[in-house]
Amino acid sequence: MSTDKVTILDIQQAKDDNRKLTMVTAYDYPFGLLADEAGIDIVLVGDSLGMVVMGLEGTVEVTMEHMIHHIRAVSRGCKNPFIVGDMPFMSYNTSIRDAIINAGRLLKEGGCESIKLEGGVDFAPTVAAIVKAGIPVQGHIGLTPQTAGALGGFKMQGRDAAAAKQILDDARALEDAGVFSMILEAVPAPLGKLVADAVKVPVIGIGAGPDVDGQVLVTHDLIGLFDKFVPKFVKQYATIRKNILDALTEYKAEVREMKFPAPEHSFTMPTESLEELENLLEE
Ligand code: KIV
């Protein structure tokens, strides 16, 4: 195995050394390869796949089988980054026993190295039990997409003092439960800093401002492949959707105009074989 493989110890060391962690999502082999080649620290096979790959309205319909299928593909391409598999809605909410069994399935059948689940204080006992079973857990607090409906939609969290205090309590509870890091989504930047300063484990932000220990974005957002809606916290580093659309449109036109395939894209046959074939067909 390559010595560049990112481990939990490296992830903690990054916070201790004040080096920002980089994290992106991937859902298949080519994007796993690309994240690896780019030297990304952590790759999340997120249940956001429901929206950006499967065309669903949210993440609620994503199943264990979907997750395992996609984690397996990413794991084949992604060698050095630390791989996190997302626990889909209702795979850990029903009981602690279900949570441990399903977390184990993501590692054993998917091939990821850790799992992520959404929730704070209320899910601390679940997190502690999974960690005790030997499975590294990443927490996810602030805006939790699986329960966005209960939060009133995809909205910034921690607006007032009471809500901000709850998020701080969630972070502390997750740290006590043994998470190796946590995602903090869609909170005011000052709260992002408060949370990152309050816990020793890395806090990786998505819409939590610059003063956290690292950043995560959905890859399909950052490359401009998914533009159904673009959250405020997304920066588009490319406009890949347009490139792909242009390529497909040009291909269609060239096929219809018989410009493709050109001679360089076609196989040839030795003249004598062609003559022989013509003779055979004439017989
Ligand atoms: O599923 C996902 O992509 C996520 C990120 C938004 C962190 O949970």
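Check the entry above for the structure.
A quick note: this is a predicted structure, and the numbers were derived from the prediction, not measured.

Got a minute to help me understand the environment of Glu175 in this structure?
Within the element layout of this structure, Glu175 appears in helix H7 (residues 161–177). The exposure class assigned to Glu175 is partly exposed, which follows from its relative accessible area of 23%. Residues Glu175 and Val121, spaced 54 residues apart in sequence, show a C-alpha to C-alpha distance of 10 Å. Residues within four places of Glu175 in sequence aside, it is in contact with Met182, Ala198, Val199, Lys200 and Val201.

How do you make sense of the site of the ligand when you look at a structure like this?
Close contacts around the ligand come from Thr25, Leu44, Gly46, Asp47, Ser48, Asp86, Lys116, His140, Glu185, Ile206 and Val218, and that covers them all. The side chain of Asp47 places a nitrogen or oxygen atom 3.0 Å from an oxygen atom of the ligand. One of the side-chain N or O atoms of Ser48 is found 2.5 Å from an oxygen atom in the ligand. About the coverage of the ligand: the protein hides 95% of its 260 Å² of free accessible area. When the residues that make up the shell around the ligand are grouped by side-chain class, the tally is three nonpolar, four polar and four charged.

I would appreciate a short explanation of the side chain of Thr25 in the present structure.
Inspection of the secondary structure assignment puts Thr25 in strand E1 (residues 21–25). With sequence-adjacent residues up to four places away left out, Thr25 is seen in contact with Leu44, Ser48, Leu217, Val218 and Thr219.

Even after reading the chapter, I still don't get unusual backbone geometry, so can you show me in this structure?
Backbone geometry follows two general trends: most residues other than glycine have a negative phi, and most peptide bonds adopt the trans configuration. With an omega of 0°, the peptide bond running from Phe260 to Pro261 counts as cis. Secondary-structure assignment places Pro261 in the loop between helix H10 (240–256) and helix H11 (271–282). A positive phi angle is found at Ala186, which is not glycine, with a value near 55°. Within the fold, Ala186 resides in the loop between strand E6 (181–185) and helix H8 (189–198).

Looking at this structure, how should I read a nonpolar patch on the surface?
Residues Met269, Leu274, Leu277 and Leu281 make up a contiguous nonpolar surface patch of roughly 390 Å² in combined accessible area. As for its position among the elements, Leu274 is in helix H11. You can call Leu274 partly exposed: its relative accessible area is 38%.

How should I be thinking about the nonpolar core in this particular structure?
Across soluble globular proteins, you tend to see nonpolar side chains buried next to one another. Core analysis: the largest hydrophobic core is formed by 72 residues, its most contacted members being Leu106, Ile115, Leu117 and Met182. In terms of residue count, the dominant contributor to this core is H7 (seven residues). In contact with Ile115, not counting residues within four places along its chain, are Val84, Gly85, Met87, Ala103, Leu106, Leu107, Ile130, Ile135, Pro136, Val137 and Gln138.

What's the story with the packing of helix H6 (residues 124–132) against H7 in this structure? I'm lost.
Helix-helix packing is characterised by the crossing angle of the two axes and by the distance between the axes. For the pair H6 and H7, the least separation of the axes is 8 Å and the interaxial angle reads 25°. By the angle between their directions, the pair H6 and H7 is classed as roughly parallel. Handedness of the crossing formed by H6 with H7: right-handed. Where H6 abuts H7, its residues Ala124, Val127, Ala128 and Val131 lie against Ala173, Leu174 and Ala177. Residue classes in the contact of H6 with H7 are distributed as seven nonpolar, no polar and no charged.

I'm lost on H11 in this one. Help?
In an α-helix, one turn spans 3.6 residues, which is why side chains three or four residues apart end up on the same side. Its twelve residues place the ends of H11 17 Å apart at the C-alpha level, agreeing with the 16 Å of an ideal helix rising 1.5 Å per residue. Of all twelve residues that make up H11, zero are buried, and the element is exposed over most of its length.

Honestly, the layout of surface pockets in this entry has me stumped. Any pointers?
The method is simple in principle: a probe with the dimensions of a water molecule rolls over the atoms, and the space it marks as empty is what remains. The space that makes up the largest pocket amounts to roughly 640 Å³. Lining the largest pocket are 34 residues, with Leu143, Glu185, Ile206, Pro231 and Phe233 positioned closest to its centre. The set of elements that each furnish at least two residues to the lining of the largest pocket consists of helix H3 (49–52) and E6. Considering only residue class, the lining of the largest pocket consists of 19 nonpolar, seven polar and eight charged. Every residue lining the second largest pocket is counted, 21 residues in all, and those nearest its centre are Gly119, Gly120, Thr144, Leu151 and Asp170. Elements represented by at least two residues in the lining of the second largest pocket include exactly strand E5 (137–142) and H7. Of the residues forming the lining of the second largest pocket, the biggest block, four residues, is contributed by H7. Here the residues of the lining of the second largest pocket are counted per class, giving eight nonpolar, ten polar and three charged.

I'm lost on the packing of helix H4 (residues 64–77) against helix H5 (residues 96–110) in this one. Help?
Remark: H4 packs on H5, axes separated minimally by 9 Å, with the N-to-C direction vectors making an angle of 35°. Note that H4 runs across H5; the crossing there is right-handed. Residues Met64, Glu65, Met67, Ile68, Ile71, Arg72 and Ser75 of H4 form the contact with H5, whose own contacting residues are Asn102, Arg105, Leu106, Glu109 and Gly110. Residue classes in the contact of H4 with H5 are distributed as five nonpolar, three polar and four charged.

What counts as what
- Residues numbered from 1 in each chain as written.
- Predicted model: local features only at pLDDT ≥ 70, side-chain atom pairs only at ≥ 80, totals over all residues.
- Heavy atoms only, no water.
- Helix = DSSP H or I, 4+ residues; strand = E, 2+ residues; numbered from the N terminus.
- Buried < 20%, exposed > 50% of the residue type's maximum accessible area, 1.4 Å probe, protein only.
- Contact = heavy atoms within 4.5 Å.
- Near = heavy atom within 4 Å.
- Polar contact = N/O pair within 3.5 Å; in protein donor to acceptor, adjacent residues only side chain to side chain.
- Areas by Shrake-Rupley, 256 points an atom, 1.4 Å probe, with all protein chains shown as cover.
- Nonpolar A, V, L, I, M, F, W, Y, C, P; charged D, E, K, R; others polar.
- Patch = residues over 30% accessible without salt bridge, like charges linked within 9 Å, V, L, I, M, F, W, Y side chains within 5 Å.
- Salt bridge = Lys/Arg side-chain N within 4 Å of Asp/Glu carboxyl O.
- Core = buried A, V, L, I, M, F, W, Y, C linked by side-chain atoms within 4.5 Å.
- Axes fitted to C-alpha atoms, helices over the stretch in contact; angles between N-to-C directions.
- Parallel < 35°, antiparallel > 145°, perpendicular 65-115°, else oblique.
- Left-handed = near helix turned anticlockwise from the far one by under 90°.
- Expected span 1.5 Å × (residues − 1).
- 1 Å grid on protein atoms, 1.4 Å probe; cavity = no way out; pocket = protein on both sides within 12 Å on 5 of 7 lines; lining within 4 Å.
- Points joined across faces, edges and corners; volume = space filled by probe spheres on them.

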